[in-house]
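Each chain, letter by letter, is given below.
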Amino acid sequence: IFLPLQLFGTIVWILVASTQVPLPLLQGWVMFVAVTAWFLSIVFLSVFLFGYANRIAVNWNQADFIFHGATFVFYFGAFLLQAATTSLHHFPRKFNSTAQERILTGHEYNISIAASV
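In this text the structure is predicted, and so the values were computed from the model without any measurement.

### Things to note about the UniProt feature "transmembrane region" (unreviewed entry) in the chain
So, point 1. Using the residue numbers shown here, the UniProt feature "transmembrane region" (unreviewed entry) corresponds to residues 29-53 and 65-84.
So, point 2. In residues 29-53, helix accounts for 92% and strand for 0%; the two terminal C-alpha atoms are 31 Å from one another.
So, point 3. Within residues 65-84, the helical portion is 100% and the strand portion 0%, while the C-alpha atoms at the span's ends are 28 Å from each other.

### Quick word on the environment of Ala70
So, point 1. Tracing the backbone through its elements, the reader meets Ala70 in helix H4 (residues 60-86).
So, point 2. Ala70 gets classed as partly exposed once you look at its relative accessible area, which sits at 32%.
So, point 3. For the pair Ala70 and Ala37, spaced 33 residues apart in the sequence, the C-alpha separation amounts to 9.4 Å.

### Brief notes about a nonpolar patch on the surface
So, point 1. Judged by side-chain polarity, Leu49, Phe50, Tyr52, Ile56 and Val58 come together as a nonpolar surface patch covering roughly 520 Å² of accessible area.
So, point 2. Inspection of the secondary structure puts Val58 in the loop between helix H3 (52-55) and H4.
So, point 3. The class for Val58 is partly exposed, based on a relative accessible area of 40%.

Cut-offs used in this document
- Per chain, residues are indexed from 1 in the order of the written sequence.
- The model is predicted, so local features are restricted to residues of pLDDT at least 70 and side-chain atom pairs to those at 80 or more, both for listing and for counting; the totals for chains, interfaces and linings are taken over all residues.
- As a rule here, side-chain values cover all heavy atoms of the structure and leave hydrogens and water aside.
- UniProt positions are given in the numbering used here, feature names are shortened, and annotations may be inferred rather than shown by experiment.
- Runs of E in the DSSP output that reach at least two residues are strands. Runs of H or I that reach at least four are helices, and both are numbered from the N terminus.
- Working definition: with a 1.4 Å probe on protein chains only, accessible area under 20% of the residue-type maximum means buried, over 50% means exposed, and in between means partly exposed.
- The patches described consist of residues with a relative accessible area above 30% and no salt bridge, like charges being joined within 9 Å and nonpolar side chains (Val, Leu, Ile, Met, Phe, Trp, Tyr) within 5 Å.
- Note that accessible areas follow from Shrake-Rupley with a 1.4 Å probe, and for residues the cover is restricted to the protein chains shown.
- Salt bridge, as applied in this entry: a Lys or Arg side-chain nitrogen positioned within 4 Å of an Asp or Glu carboxyl oxygen.

Put into structure tokens, the structure is as follows:
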């Protein structure tokens, strides 16, 4: 499970970082979750690869369950925030302006959808 988590975490970084950030607080949380989960999964994987799991007296099944459960909760929350940001695509950037400039362009909208998924 750790290697797909690394791969998809990196993809989320790339997709969210490549979009325009209309709501920095929301997408900042998405990036925080992706970076933190990615880093902690590397640490967790390193513990097993280098044999520290045998030296540290921890119930690793329980630690693995708690880690992935917390990661699921945080990623689900990040998904909701990214999807909420994506849903703002049809709103104009400035309500008082006569120009119909959208918050997200069509290309950024597609990238934001991919980051949400």
